[in-house]
Amino acid sequence: MKEFKRITVTAALPYANGPLHIGHLSGAYLPADIYVKYQRLRKRDIIFVCGSDEHGVAITIRAMKENLSPQQIVDKYHHLLKDTFQKMHIDFDIYYRTSSLLHHQTAQEFFKKFYDNHQLIEKETYQYFDTEKQIFLADRYINGTCPKCGYENAYGDQCEKCGTSLSPDELIRPKSALSNSVPIKLPTKHWYLPLNEYQAKITQYIDSHPEWKNNVLGQCRSWLNDGLQPRAITRDLDWGIPVPLKDATGKVLYVWFDAPIGYISATKALLPNDWQKYWQDPETKLIHFIGKDNIVFHCIIFPIMLMAHGDFILPDQVPANEFLNLEGNKISTSRNWAVWVHEYIHDFPDKIDVLRYVLTATLPENKDNDFTWKEFQQRNDSELADIYGNFVHRVTTLLHKYYDGHIPDNIDLQVIDIQALEDCKKAVQAMGNNIENFRFRDALAEMLKIARIGNKYLMDKEPWKTFKTNELQTQTTLYVAAQITACLALASQPFLPETYLKLKQILNLPDYDFQNFWSSNNTFEILPSHHQIDKPFILFEKIPDEIIEQQIQKLQQTPKSHVMLKPFKNNIAYEDFDKVDLRVGTITYAVKVPKADKLLQLTIHDGIKERTIVSGIAEHFQPEELLQKKVVFVANLEPRKLRGILSEGMLLTAEDSDGKLHLISPFGEPNNGSIVK
RNA sequence: GGCUGGGUAGCUCAGAUGGUUAGAGCGUUGGAUUCAUAAUCCAAAGGUCACGGGUUCGAUUCCCGUCCCCGCUACCA
């Protein structure tokens, strides 16, 4: 394996439109932090950069919702995120932000370099502009007549009827899907990064990393097999980084383009004079910690940007985790199904390490994993309190009881004593190997194993018995037990930073540099004979059932009390409402639409005849259970083809806060065709 | 529907480039022990390794097909 001089570690930039939840921690930040803490202890030259991702449409939408400016939104969440990371002891060397001037300059330099070297495709197109909404329309938001088959409701990018790929320009009689107004054509210029030109190089690059995780390689190959396409790197928007060209007012860099450059900007801010060697020296190892949703950006698109630029090294590892579920369901911000980290910190201010421990023990390294409060309690109680905390407590108590808190002599070392120390050493080494190979769960298990070794050792040697019969052996036993405890303390540093500090106090650990603890093969002596330790105290309290119950209840109640209801729409005239013809009908036939997950094709008797309605409810209802059900539908909606089937109307449904759909049906038995108003 | 990844003990997960008795932790049961936060230690029970075919002397591991779960994507008037 290649030896590197230094390491650059990035963790995915969190999006500054909401707080952090435990899924974020377990996806990227916690494993990254453990890795970095470990490497720092090994005295490796390493930097750890991150920051808030503050651009993009979602920010502007959030701003409108909260009635604040985009800048106010990102300020608010940037500080919350930064504070949360700090309290969880995720120790970035810098936590930066993409709204900073330096980042704007860095991203613009990237663009400018591509532009000046003619690496971008420049397309001035006349794009449709909705004068009513004052916005350029994405292809999808333009409807019109298909030039091939004459179908009247083709989209700007594709005709659903004949399946042809289209561009909006080909449409006859286009109209805006947002306002139904006729859009006018305005010239707009955009720049594209021709990803396709790098297909061969990026394929070669991916192939040169067979050591990457399966999920990462799979996603990449899937993308490469489909063939890469040029990708627009600019947008018409007013929140973002201005395109650094004269004739580009009102244009910003697309957020996917600027965000990963944020890693570089952050490094520049951290090391203004020295940043290059962390990004441009081939002897630097670049590692991106991310969640599985970010794979292609970090393995294909960003590397292409770096390749295209030419001065940069490429990522050497991209350890992407799968997702963490919560109590059996997906974590969802919109449904508020999440454990918010800042709330956890508020509820459990002295249990930061417990969350770090439990999340590390259940990292979704190879497949999705589930976080439950019960497991949280159980791991705290039986692993941290019983195995880890209690071991430390019994050793320190024995030392005080028998030797007034002094480490005794070790003049009677037997095979069993040496073996225990050797086993600890092995565990430490295995821990290091696992961390180097991004296996953090296994690494954590090795750490706990040290406490297990200690517990077993005490049981085997029974110093409470030998104290009365064999003074020399008791001394040796407690000497060895003290070393094991100190070993456990040092090994805990990457995982449990607060616990380490507590142990440091209890054991009165000197400010000695323990670097050789990680590397040497010798049996170690951390606490010399006659060393004085401090009084012990409880490291991990058990968590009572009530506390766990409270958290579970809080979780189950919040979706109902905290649902973000959409604001009500503006008032409309009665005449406008009256235009909608709502009727009662009976479902007489229902079948799944082939090759579509969400669509059901329904036949509805509307009182006069039968009509076909295609509805996106397949995930919520079985076709059979709908038969003979009375429903309410919109009878005068412009017919439209969906998946090649003409849909004449629309079923009314109510979507609850869980995203579940409920059909609207009449109370009573009105006959088909009855008017609903 | 297309494309990744996954489906291994009650639970959470490892693992095998195909080969004698498939592993860990938790949980359960039995025993030992008392220095310690009723903590600890030992032992046992528990698995047709999703299902059906194929290749092979031999497959849970490779190939094909089917079913199920997460994600991306298309379709949700």
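Calculation notes
Residues numbered from 1 in each chain as written. Chains lettered and ligands numbered in written order. Predicted model: local features only at pLDDT ≥ 70, side-chain atom pairs only at ≥ 80, totals over all residues. Heavy atoms only, no water. Helix = DSSP H or I, 4+ residues; strand = E, 2+ residues; numbered from the N terminus. Buried < 20%, exposed > 50% of the residue type's maximum accessible area, 1.4 Å probe, protein only. Contact = heavy atoms within 4.5 Å. Lys, Arg positive; Asp, Glu negative; His and termini not counted. Charge placed at Lys NZ, Arg CZ, Asp CG, Glu CD. Polar contact = N/O pair within 3.5 Å; in protein donor to acceptor, adjacent residues only side chain to side chain. Salt bridge = Lys/Arg side-chain N within 4 Å of Asp/Glu carboxyl O. Expected span 1.5 Å × (residues − 1). Pairing = 2+ DSSP bridges. Patch = residues over 30% accessible without salt bridge, like charges linked within 9 Å, V, L, I, M, F, W, Y side chains within 5 Å. Areas by Shrake-Rupley, 256 points an atom, 1.4 Å probe, with all protein chains shown as cover. Domains from an automatic or database assignment. Buried area = accessible area lost by both parts, 1.4 Å probe. Right-handed = clockwise from strand over helix to strand, strands pointing away.

Draft legend 1. Spotlight on the overall build of chain A. Helices and strands together make up the secondary structure of chain A, namely 21 helices and 27 strands. For chain A, the C-alpha atoms occupy an extent of roughly 100 × 70 × 45 Å along the three principal directions. With 677 residues in all, chain A has 52% of them scored as buried. By sequence separation, contacts in chain A at least 24 residues apart represent 74% of the contacts at least 6 residues apart. Put simply, chain A has 77 plus and 86 minus side-chain charges, and the middle of one group is 3 Å from the middle of the other.

Draft legend 2. View of the side chain of threonine 360. Position of threonine 360 among the secondary structure elements: in helix H11 (residues 352-361). What makes threonine 360 buried here is its relative accessible area of 2%. Here arginine 356 takes part through its backbone oxygen, which lies 2.6 Å from a polar atom of the side chain of threonine 360. Setting aside anything within four residues of it in sequence, one finds threonine 360 in contact with Leu30, Ile34, Phe440, Arg441, Leu444 and Phe495.

Draft legend 3. Layout of the pattern of salt bridges. Counting across every chain of the model gives 34 salt bridges. The shortest N-O distance in the salt bridge between arginine 439 and aspartate 442 comes to 2.8 Å. Residue aspartate 442 is classed as partly exposed on the basis of its relative accessible area, which comes to 32%. Connected via shared salt-bridge partners are Asp33, Lys37, Asp91 and Arg356.

Draft legend 4. Region of interest: helix H6 (residues 214-226). Look at H6: 18 Å from first C-alpha to last across 13 residues, which is about the 18 Å you get at 1.5 Å a residue. For H6, the complete set of buried residues consists of Asn215, Val216, Leu217, Cys220 and Leu224. The elements touched by buried residues of H6 are helix H5 (199-207), helix H9 (295-309) and strand S14 (320-321). Phi for glycine 227, located one or two positions after H6, is positive at around 85°.

Draft legend 5. Structural detail: the sheet that holds strand S1 (residues 6-11). Taking strand neighbours across the sheet as the criterion, the five strands line up as S3-S2-S1-S13-S14 in an open arrangement whose pairing is parallel. The two strands at the open ends of the sheet, each matched to only one other strand, are strand S3 (94-97) and S14. As paired strands, strand S13 (residues 284-291) and S14 are joined by two bridges and run parallel to one another. Its bridge partner being in S14, isoleucine 290 is matched across the sheet by alanine 320.

Draft legend 6. Molecular detail of a nonpolar patch on the surface. Taken together, the side chains of Ile572, Tyr574 and Phe577 present a nonpolar region at the surface, about 310 Å² in accessible area. Tracing the sequence through the fold places tyrosine 574 in helix H20 (residues 574-578). Owing to a relative accessible area of 45%, tyrosine 574 belongs among the partly exposed residues under this scheme.

Draft legend 7. Just the sheet that holds strand S17 (residues 369-371), in detail. As summarised here, the arrangement of the three strands in space is S16-S15-S17, forming an open sheet in which the pairing is mixed. The open sheet has two edge strands, strand S16 (329-330) and S17, and neither has a second partner. Where strand S15 (residues 324-326) lies against S16, two bridges are found, and the strand directions are antiparallel. Among the inter-strand pairings, asparagine 325 is bridged to a residue of S16, identified as lysine 330.

Draft legend 8. The arrangement of the domain arrangement of chain A in detail. For chain A, the assigned domains are domain 1 (6-110 + 247-321), domain 2 (345-517) and domain 3 (574-663). Its C-alpha centre places domain 1 at a distance of 34 Å from the equivalent point of domain 2. At the interface, 27 residues of domain 1 touch 23 residues of domain 2. Interface of domain 1 and domain 2: buried area, both sides summed, is about 2300 Å²; carbon and sulfur atoms make up 73% of it. When residues of domain 1 are sorted by the area they lose upon contact with domain 2, Ile34, Tyr38 and Met88 head the list and together hold 25% of the total. Counting across the domain 1 and domain 2 interface gives three salt bridges. Between aspartate 33 and arginine 356 there is a salt bridge, with its nearest N and O atoms 2.7 Å apart. Where domain 1 touches domain 2, the interface holds seven residue pairs in polar contact (both at pLDDT 80 or more). The set of elements that each furnish at least two residues to the side of domain 1 that touches domain 2 consists of helix H1 (22-41), helix H3 (70-87), S13 and S14.

Draft legend 9. Quick look at the pairing of S1. Of all six residues in S1, six are buried; the element is thus mostly enclosed. In S1, alternate side chains face the same way, and those of Arg6, Thr8 and Thr10 on one face and Ile7, Val9 and Ala11 on the other are all buried. Pairing of S1 with S13, which is carried by six bridges, proceeds in the parallel orientation. Note that in S13 the partner of alanine 11 across the bridge is phenylalanine 289. The pairing of S1 with strand S2 (residues 45-52) spans five bridges and is classified as parallel. Within S2, the residue paired with threonine 10 across the bridge is valine 49. Between the parallel pair S1 and S2, the chain is carried across by H1, and the sense of this crossover is right-handed.

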